[in-house]
Amino acid sequence: MNHVITIGRELGSGGRTVGKEVAKRLEVPYYDRELIDEAAKESGLSADFIENNEQEITSSFLYNLAMGNSYTYGMLGLGGTNSMPLTMQVFLAQQKVIQKYAASPCVIVGRCADFILRERPNVLKVFIYSSMEKRIKRAVEEYGYSQKKALDAITKSDKGRARHYATFTEWEWSDRRNYDMMLNTGSVGIDGAAQLICQAVEQAEK
């Protein structure tokens with residue numbers, strides 16, 4: 001297997017579980033939490049800090065990005081990282097880790113990996129989604145949330161991921177044009193989604 005599979009996903013869609021199952025079937029490494037740990041080593045920030053703040057984009061950062069000042073220059077590699085917001089430092093550290101992992105076949109979940117690896121050959125970009133009803137049901141079952149807490153968490157997650165993705169990629173998070181496959185686990189199930197991804201990889205490598 002020569003492909004890297006990137007998986008974007010909605011909270012409650014089962015995307016993480018799909019990614020683990022794909023990695024198991026294809027016998028390749030699976031990277032999710034590992035990206036946080038490695039980015040922490042790369043940036044010098046704590047793993048807990050990165051996990052809690054990797055999708056927190058401040059209004060001041062967006063303003064500086066739009067105005068094209070020193071933050072933007074740092075983002076483009078034209079200035080030192082010390083002048084950059086911590087959010088950008090986290091993104092750049094994760095980008096470096098993702099590029100390192102993508103040197104070999106693997107499954108990478110989230111963190112704009114589809115965008116970061118957009119110019120690499122043999123990358124299958126997947127987006128996993130589901131209906132709100134089924135996402136809430138999964139969040140209640142998997143995380144022990146109440147119905148209200150599940151809805152609040154999903155709504156917050158969707159907004160945060162969309163904002164984070166748009167800020168660092170200038171793409172729309174759920175736009176089908178950014179992906180090779182979009183799979184509704186509410187229709188095809190977790191196993192069905194994993195099977196379809198594996199079949200797509202097999203077909204691409206013929």
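What counts, and at which threshold
- Residues numbered from 1 in each chain as written.
- Predicted model: local features only at pLDDT ≥ 70, side-chain atom pairs only at ≥ 80, totals over all residues.
- Heavy atoms only, no water.
- Axes fitted to C-alpha atoms, helices over the stretch in contact; angles between N-to-C directions.
- Helix = DSSP H or I, 4+ residues; strand = E, 2+ residues; numbered from the N terminus.
- Parallel < 35°, antiparallel > 145°, perpendicular 65-115°, else oblique.
- Left-handed = near helix turned anticlockwise from the far one by under 90°.
- Contact = heavy atoms within 4.5 Å.
- Nonpolar A, V, L, I, M, F, W, Y, C, P; charged D, E, K, R; others polar.
- Salt bridge = Lys/Arg side-chain N within 4 Å of Asp/Glu carboxyl O.
- Buried < 20%, exposed > 50% of the residue type's maximum accessible area, 1.4 Å probe, protein only.

K.L.:
Tell me about the packing of helix α8 (residues 132-143) against helix α9 (residues 147-169), and name the residues and values.
P.N.:
One can describe the packing of α8 onto α9 by two numbers: an axis separation of 9 Å at closest approach and a directional angle of 115 degrees. Regarding the angle of α8 to α9, the classification is roughly perpendicular. In this structure, α8 crosses over α9, and the sense of that crossing is right-handed. On α9, the residues touching M132, R135, I136, A139 and V140 of α8 are Q147, A150, L151, I154 and D158. Class assignment of the residues belonging to the contact of α8 with α9 gives a composition of 7 nonpolar, 1 polar and 2 charged.

K.L.:
Any chance you could break down the pattern of salt bridges for me, citing the residues and the numbers?
P.N.:
Tallying each qualifying case throughout the model produces 14 salt bridges. When the shortest N-O distance is used, the salt bridge between R111 and D32 registers 2.9 Å. Here the residue R111 occupies a position in the loop between β3 (106-109) and α7 (113-116), and D32 occupies one in the loop between β2 (30-31) and α2 (33-43), the gap between them amounting to 79 residues. Of the residues examined, R111 reaches a relative accessible area of 14% and is grouped as buried. Given the relative accessible area of 5%, D32 is considered buried.

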